[in-house]
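Per-entry structural report
Below are the chains, spelled out letter by letter.
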Amino acid sequence: MDAAIDGNAHVHVNTDTDTDVDVDVDVDVIVVGAGPTGLMLGAELALGGVRVQILERRTEAQRQSRALTLHPRSVELMDQRGLVERFLARGRAVPGWHFAGLDTRLDFSALDTRHGYTLFLAQARTEQLLAERAHALDVPIRRGYEVVGLRQDDGNDGGRGSGDGRGGRRDPGRVEVDVRGPGGDLRTVRARYVVGCDGGRSAVRRAAGIEFPGTDETLTGALGDFAVVDPVALDRARAHGVLIAPLEPEPEPEPEDERRDGGPAEGRPGGLTRIVLVDPRRMRAPAAEPLTLEEFRTSLADICGTDCGVAQPRWLSRFGNATRLAARYRAGRVLLAGDAAHIHFPAAGQGLNTGLQDAMNLGWKLAAEINGWAPPGLLDSYHAERHPIGQAVTENTEVQTLLMELTLLPPYQRPAAALRKLLTELLGIEEVNRRLAGRISALDTAYPPTAADADPLAGRRMPDVALTAADSTAGRAHELLPPGRFVLLDLAGDEELRRTVTTGWGPRVTALTVTRHEHRTDLDGVREILIRPDGHIAWATRTPALPARRIERHRALTDWAGRPARR
């Protein structure tokens, strides 16, 4: 139900004026969709040195805020790119979260992270901050361009690779994308790859022929953002299972002569209140059916005995439980991310977060492929790693939706209430709470290791340990990641490390000797750690013998960061 809730200087940019600029006709990557996922991916690709442009069907930036939450792992991603202070300055931290609206809250503050909270931040603000990031990296955002078709030519690599692993290039192949511009004219633009971040009705997914199996909508909820509410009545609504969330004022356009640096408006004082509910009498209404203020008031009164004094709605909307997962996240030179790859009921506010994490996983891999150094299979690992995550999210949201729906159906109300009571008690067990909190927050995301003898750390998030590293001002592990490169940490002291790595993989890997680090039992005996650009651990070793460790390191670097440069 949460898409319902779903000290750095700001770069002021006008994100709505790119309709006046023609599209680039030939780039490395076209990202379709300028929502959070597309904006995040565009910035990640630019960080990797890729020529990218974002095409967006809408002519203006999103003003309504569908999602409201950045969960701990997403906040970590912003920290790993040096952006977290901008987001924290705009949002409100909430340490407790929920699963299916059960009374016992999930305790994010007990998790292994510096960011043990959900950040309430309107999606419109998230998009604004990510658009600023994209513009700072010179990523063009072209608004008013709708994708109406595409064709792909694999060239001579069959869509499986674009180089020889040493920086040489083969015939790269192309995707031709037909777009309708702001004036209605049709044109064709070309790219090495296209990524559909264009939502549940993705034109890219349909044009690529990627199946989208799942279930149709059977239940809908309602949400409203109101400028006027009765604060006392809101407590009564909460007691009846109605979700209440205070909103920061959403970005609004200012008169041209009041804009600073041509940038988007800052928030106005006096925020809105979001109210989210499922009305048993109206829960079968189609999501496409308009929602009126009178219906919303009636639903509130029926559920909790008061309409909470709601007035001056800024947005009223229905949302449904259609649940689908793309059969493939990649079809040749076309890839999917975010809602284009997975849709579900917004239970526990996971949708936007899953999309951001898709983008973080894909960005560096696609950049490696385009730059010609990706090891075999690296780009295919995007589907292998993220498709199971999408499946897990769609499954847990279906479970949550069922737990909520059963309590609204008279034949099941009594056993459903007993089941919810049992689950509420189970969430009171520390280990159970931590396990489920880790899943919803995405902090427990661990990708399958690629080697049978991999260290237990492989695939897990790199913990944000305090450390001191030679020739680095960073005081934490995540502060090493903003450049978007691999980071190799030597915890044992090999005087040849930096020379070897710099000579072979210098543009792709930063090698550092750690002289001191925070003690953790999971790091006991670890000699070296290779951190991926997305903050997950590619490889770790506890081998004490230096010659054997050097052999392992060379193999790991080659497996993940490609073949070393010719000497």
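A brief report on the enclosed structure follows.

Analysis parameters
- Counting starts from 1 at the beginning of each chain's written sequence and moves along it residue by residue.
- Local features are withheld for residues below a pLDDT of 70 in this predicted model, meaning they are given only at 70 or higher, and side-chain atom pairs are given and counted only at 80 or more; totals for whole chains, interfaces and linings count all residues.
- Hydrogens and water are ignored here; the side-chain numbers use all heavy atoms of the structure.
- Each helix corresponds to a stretch of at least 4 residues labelled H or I by DSSP, and each strand to a stretch of at least 2 residues labelled E; elements are numbered beginning at the N terminus.
- Between buried and exposed lies partly exposed: a residue is buried under 20% and exposed over 50% of the maximum accessible area for its type, with that area taken using a 1.4 Å probe on protein chains only.
- To measure how exposed things are, a 1.4 Å probe is used in the Shrake-Rupley method; for residues, cover is taken only from the protein chains shown.
- Only protein atoms enter the 1 Å grid, on which a cavity is a set of points fitting a 1.4 Å probe that cannot get out and a pocket is an open set with protein on both sides within 12 Å along at least 5 of 7 lines, lining residues being those with an atom within 4 Å of a point.
- Grid points are joined across faces, edges and corners, and a volume is the space filled by probe spheres set on the points.
- The residue classification treats Ala, Val, Leu, Ile, Met, Phe, Trp, Tyr, Cys and Pro as nonpolar and Asp, Glu, Lys and Arg as charged. All others, Gly included, are polar.
- We call two residues in contact when some of their heavy atoms are within 4.5 Å.
- The criterion for strand pairing is that DSSP finds at least two bridges linking the strands in question.
- Note that the arc is defined by the directions from the helix axis to the C-beta atoms.
- The disulfide definition used here is simple: a pair of cysteine sulfur atoms within 2.5 Å.
- Interaxial angles span 0 to 180 degrees and are taken between N-to-C directions of axes, which are lines fitted to C-alpha atoms, for helices over the stretch in contact.
- Any angle between 65 and 115 degrees counts as roughly perpendicular, while under 35 counts as roughly parallel, over 145 as roughly antiparallel, and the rest as oblique.
- Note: crossing handedness is left-handed where the near helix turns anticlockwise from the far helix by less than a right angle, and right-handed where it turns clockwise.
- Expected span, for any helix, means 1.5 Å times one less than how many residues it has.
- If the strands point away from the viewer and the path from the first strand over the helix to the second runs clockwise, then the crossover is right-handed.
- Just to be clear on terms, a salt bridge is a Lys or Arg side-chain nitrogen sitting within 4 Å of an Asp or Glu carboxyl oxygen.
- Side-chain atoms within 4.5 Å link the members of a nonpolar core, which is a set of buried Ala, Val, Leu, Ile, Met, Phe, Trp, Tyr and Cys residues.

All right, on to the overall build of the protein chain then. Helix and strand counts for the protein chain stand at 13 helices and 25 strands. Counting across all 567 residues of the protein chain, residues that qualify as buried make up 58%. For the protein chain, the exposed surface amounts to about 22,800 Å²; the carbon and sulfur share of it is 51%.

A word on the layout of surface pockets. Here the second largest pocket defines a volume of roughly 800 Å³. Gly101, Arg238, Gly241, Val242 and Leu243 are the residues nearest the centre of the second largest pocket, which is lined by 29 residues in total. Where the lining of the second largest pocket is concerned, the elements lending two or more residues are strand S4 (92–94), helix H6 (231–239), strand S14 (243–247) and helix H10 (413–426). When residues of the lining of the second largest pocket are assigned to their parent elements, the largest contribution, 3 residues, is made by S14. Among the residues forming the lining of the second largest pocket, the class breakdown is 18 nonpolar, 6 polar and 5 charged.

What follows concerns the environment of Leu88. Tracing the sequence through the fold places Leu88 in helix H3 (residues 84–90). When the C-alpha atoms of Leu88 and Val75 are compared, they prove to be 8.8 Å apart, with 13 residues separating the residues in sequence. When near neighbours in sequence (up to four residues on either side) are disregarded, Leu88 contacts Tyr117 and Leu119.

Think of a sheet as strands paired side by side through backbone hydrogen bonds, with each pair either parallel or antiparallel. Across the sheet, which stays open at both edges, the 3 strands sit in the order S3-S7-S4 with antiparallel pairing between neighbours. The two strands at the open ends of the sheet, each matched to only one other strand, are strand S3 (69–70) and S4. Across 3 bridges, S4 lies against strand S7 (residues 118–120) in antiparallel orientation. The residue bridging Arg92 from the neighbouring strand is Phe120, located in S7.

Here 3 strands make up an open sheet; going across it, the order is S12-S17-S20 and the pairing antiparallel. Of all strands in the sheet, those with a lone pairing partner are strand S12 (214–215) and strand S20 (342–343), marking the two edges. Where S12 meets strand S17 (residues 323–325), 2 bridges bridge the pair, whose relative direction is antiparallel. Bridge pairing in S17 links Gly214 to Arg324.

Looking now at helix H12 (residues 497–505). Residues Leu497, Val501, Gly504 and Trp505 constitute the buried set of H12. For H12, the angular spread of the buried residues around the axis is 80 degrees, confining them to a single face.

In this section: the state of the cysteines. Under the counting rule described, the total for this entry stands at 0 disulfides. Residue Cys304 stays outside any disulfide, its sulfur separated by 4.5 Å from that of Cys308, the closest cysteine.

As a further point, take the packing of helix H1 (residues 36–47) against helix H4 (residues 123–136). Direction vectors running N to C along H1 and H4 enclose 20 degrees, while the axes themselves pass 9 Å from each other. By the angle between their axes, H1 is roughly parallel relative to H4. Taken as a pair, H1 and H4 cross one another with a handedness that is left-handed. Contacts between H1 and H4 pair Pro36, Leu39, Met40, Ala43 and Leu47 from the former with Gln123, Thr126, Glu127, Leu130, Ala131, Arg133 and Ala134 from the latter. Residue composition of the contact of H1 with H4, grouped by class: 8 nonpolar, 2 polar and 2 charged.

The next subject is helix H13 (residues 546–561). For H13, with 16 residues, the first-to-last C-alpha span of 21 Å sits near the 22 Å given by 1.5 Å per residue. The secondary structure elements touched by the buried residues of H13 are helix H8 (351–371), strand S22 (486–490), H12, strand S23 (509–517), strand S24 (528–531) and strand S25 (537–541). Downstream of H13 by one or two residues, Gly562 has phi in the positive range, about 85 degrees.

The side chains of a regular strand alternate between both faces of the sheet. Where burial is concerned, most of strand S1 (residues 26–32) is hidden: 6 out of the 7 residues are buried. Here S1 runs beside strand S11 (residues 186–196); their pairing, made up of 6 bridges, is parallel. Considered in S11, the bridge of Val31 is made with Val195. One ladder, built from 4 bridges, connects S1 with strand S2 (residues 52–56); its direction is parallel. Considered in S2, the bridge of Val31 is made with Ile54. With respect to chirality, the unit in which S1 leads through H1 into the neighbouring parallel S2 is right-handed.

Of the pairings in the sheet, the one linking strand S10 (residues 174–180) to S11 comprises 6 bridges and is antiparallel in character. The residue of S11 that forms the bridge with Val175 is Ala191. Connecting the antiparallel pair S10 and S11 is a turn made up of 5 residues, with Gly184 showing a positive phi of about 90 degrees.

Opposite charge on two side chains permits pairing when their charged atoms draw close. For the coordinates displayed, the defined rule picks out 46 salt bridges. Where Asp28 meets Arg51, a salt bridge forms, and the shortest distance between an N and an O atom there is 3.4 Å. Remark: Arg51 occurs in the loop between H1 and S2 and Asp28 occurs in strand S1; sequence separation between them is 23 residues. When its relative accessible area of 44% is taken as the criterion, Arg51 is described as partly exposed. Put simply, Arg550 and Asp494 hold a salt bridge, and the shortest N to O gap is 2.7 Å.

On to the nonpolar core, then. Counting 70 residues, the largest nonpolar core has Val29, Ile30, Phe87, Val177, Val195 and Leu366 as the members making the most contacts within it. Ranked by the residues each element gives to this core, the list is headed by H8, at 8 residues. Ignoring any residue separated from it by four or fewer positions in sequence, one finds Val195 in contact with Val29, Ile30, Val31, Val32, Leu41, Leu335, Leu336, Ala337, Leu362 and Leu366. Core analysis: the second largest hydrophobic core is formed by 21 residues, Phe120, Ala122, Leu403 and Leu436 among them.

Here we take up the environment of Glu132. Turning to its location among the elements, Glu132 is positioned in helix H4. Taking C-alpha positions, Glu132 is 9.7 Å from Ala43, a pair spaced 89 residues apart along the chain.

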